[in-house]
Amino acid sequence: MTSTNLTARSLVDMAEGEISREIFVNAEIYEQEKERIFSRAWLYIGHESQIENPGDYFVSKMGEESVILTRDFAGKIHVFLNSCAHRGMRVCRYDEGNTSAFRCPYHAWTYKTDGTLVGVQDYDNAYQPPFDKSEWGLVEVPQMANYMGTIWATWDEDAPPFEEYLGEATVAFDHGFCAWDGSDAGTELLGSTQKWRVPCNWKFIAENFSGDWLHGVSHRSVDLIRLGPSGEVGRRDDFGQLVVNGFPEGHGILYSLYPNKQERTEYAMSPETSEYFQHCWERRLKKLGDKAGTCPLVGTIFPNMSFHAQQPRTLLVSHPTGTNETEMWRTYFVDKSAPESVKQFLREYYMRYSGPAGMTEQDDMENWNYASEASRGMIARRRPYHYKAGLGVGSPHSELPGVVTEQPITSEQNPRFFYKRWADYMDLGSWDELRDAKSVRFWERAS
Ligand code: FES
Ligand code: FE
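Residues numbered from 1 in each chain as written. Chains lettered and ligands numbered in written order. Predicted model: local features only at pLDDT ≥ 70, side-chain atom pairs only at ≥ 80, totals over all residues. Heavy atoms only, no water.

Student: Just to check I follow, could you spell out the coordination of the iron ion (ligand 2) for this structure?
Tutor: Coordination angles at a metal have ideal targets, namely 109.5 degrees for four tetrahedral donors and 90 or 180 degrees for six octahedral donors. Within the protein, the iron ion (ligand 2) binds to His215 (NE2), His219 (NE2), Asp364 (OD) and Asp364 (OD); these donor distances fall in the range 2.1 to 2.5 Å. Its 4 donor atoms give the iron ion (ligand 2) angles of 54 to 129 degrees at the centre, a pattern that matches the irregular case. Residue classification places His215 among the buried positions, given a relative accessible area of 18%. Owing to a relative accessible area of 4%, Asp364 belongs among the buried residues under this scheme. (Donors = N, O, S within 2.8 Å, 3.2 Å for Na, K, Ca; no water. Tetrahedral: all angles 85-135°; square planar, octahedral: opposite > 155°, others 65-115°. Buried < 20%, exposed > 50% of the residue type's maximum accessible area, 1.4 Å probe, protein only.)

Student: Please explain the side chain of Glu22 as it appears in this structure.
Tutor: Along the chain, Glu22 falls in helix α2 (residues 22-25). The buried category is assigned to Glu22, whose relative accessible area is 18%. Within polar-contact distance, the side chain of Glu22 engages the side chain of Arg381 at 3.0 Å. Setting aside residues no more than four positions away along its own chain, Glu22 makes contact with Ile29 and Arg381. (Helix = DSSP H or I, 4+ residues; strand = E, 2+ residues; numbered from the N terminus. Polar contact = N/O pair within 3.5 Å; in protein donor to acceptor, adjacent residues only side chain to side chain. Contact = heavy atoms within 4.5 Å.)

Student: Looking at this model, I keep getting lost on the environment of Val298. Mind explaining?
Tutor: Checked against the element boundaries, Val298 lands in strand β17 (residues 294-301). The exposure class assigned to Val298 is buried, which follows from its relative accessible area of 12%. Along the chain, Val298 and Trp213 lie 85 residues apart, while their C-alpha atoms are 10.0 Å from each other. Val298 has contacts with Phe209, Gly252, Ile253, Leu254, Phe307 and His308, leaving out every residue within four places of it along the chain.

Student: What is the right way to look at helix α11 (residues 359-375) in this model?
Tutor: One turn of the α-helix equals 3.6 residues, which is why residues spaced by three or four share an orientation. In a regular helix each residue adds 1.5 Å, so 17 residues correspond to 24 Å; α11 covers 24 Å between its end C-alpha atoms and thus fits that length. For α11, the set of buried residues is Thr360, Glu361, Asp363, Asp364, Met365, Trp368, Ser372 and Ser375. (Expected span 1.5 Å × (residues − 1).)

Student: Any chance you could explain unusual backbone geometry here in plain terms?
Tutor: In most cases, non-glycine residues show a negative phi, while peptide bonds are predominantly trans. Look at the link from Gln128 to Pro129: it is a cis peptide, with omega at 0 degrees. Looking at where Pro129 falls in the secondary structure, it is placed in the loop between α4 (123-126) and β11 (143-147). The amide bond that connects Phe302 to the next residue, Pro303, takes the cis arrangement and shows omega of 0 degrees. Topologically, Pro303 is positioned in the loop between β17 and β18 (305-308). A positive phi angle, close to 75 degrees, is found at Ala108, a residue other than glycine. Of note, Ala108 is situated in the loop between β8 (101-103) and β9 (110-112). Unusually for a residue other than glycine, Asp122 sits at a positive phi of about 55 degrees. For Asp122, the position within the fold is in the loop between β10 (117-119) and α4. Taking the relative accessible area as the measure of exposure, Asp122 reaches 45% and is therefore partly exposed.

Student: Is there a simple way to think about the pairing of strand β3 (residues 43-47) in this case?
Tutor: When a strand is regular, its side chains alternate between the sheet's two faces. The buried count for β3 comes to 5 of 5 residues, which makes it a mostly enclosed element. In the sheet, β3 pairs with strand β12 (residues 150-154) via 4 bridges, with the strands oriented antiparallel. Looking across to β12, one finds that Tyr44 is bridged to Trp152. (Pairing = 2+ DSSP bridges.)

Here it is in structure tokens:
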């Protein structure tokens, strides 16, 4: 795949649990990722609640490219490349808002919210014979999906439908993206999206949230200062039983399984919030029964959408901007029906936990930044990274789909699955080949 004729699979040794540092530091590999991964995979664009009304828009990204998520005046959702058909200007320069049309700032070509070109300066005089405006609209993604309010798109018209792409990881959405009380009463954004840049390769971030529970030690200082909403030592009062759940599509989820009888004391610092979550927990128990305590903590949907599904509930997209730079976009969610005082308490908690000012996020970023820097040198690049924890231990599970490894065994199976799928995308040309390559059981325990 590179000028040295290496295949991606030769850099990602799943049988040994070793991965070449080249995939994190090599500019040529990064250039190929843009085409092989970010032009083909389903990518997270935004949330339906960001474009509730006709004319609402949110400017997002697909890989390095700017796209506009918008709702037209017939109520239909679109994702357009944010690049003018005339001479490429960024048509929309705002982050989000509402508009009756998109008017390019350069020479004023104007597009309706459904992407059709409707205004061209001096059209009647300057263009003889007239050109066909219907051929010069905004470029629209060939496939888009709305899954539980999350909007996804792919540039590849041959990509499988989104639900097939998600595979059995749909359970993570079903468990994690309904309201806290288990209903589908709706979730809304808390403020807008926070965006900032970190000097590391995007894959450090994606693999971290796929279920790297070994790095909990990095958050030790945060745990000791009682940052969490319980007011006790530790970010949360109790994580429950930790379980990593990996999928052949490259997605990875870290679950906590709570016994149904366990008392929920995460919000002891705020009696009102505590009461609200107790009420949610009781409703969740009633609705979901034995499954109430099955909830993802964090996860990554291949390639670059990560989430915290419990508290805080946030989405994080790691948009690559270079071999060694990533834009992190984090969006925070609360239940629509939660009381204002609960939303306010959660806002303060989220801010001190995640985002550029969040202390837990800062711990993580420090690791990624320094690991990137310390891996780029000529000598450093010779050694592979080590992903051997729990190698060969993953197995099927009675409650969860995919491959599972439970505490007390620590496992890096989810990053392994992520990189295995990454290598498939880099080496394989067709979706048929990608479908055929989906097995991860080869090196985990046979089902
Ligand atoms: Fe948009 Fe010219 S580049 S109108
Ligand atoms: Fe962390």
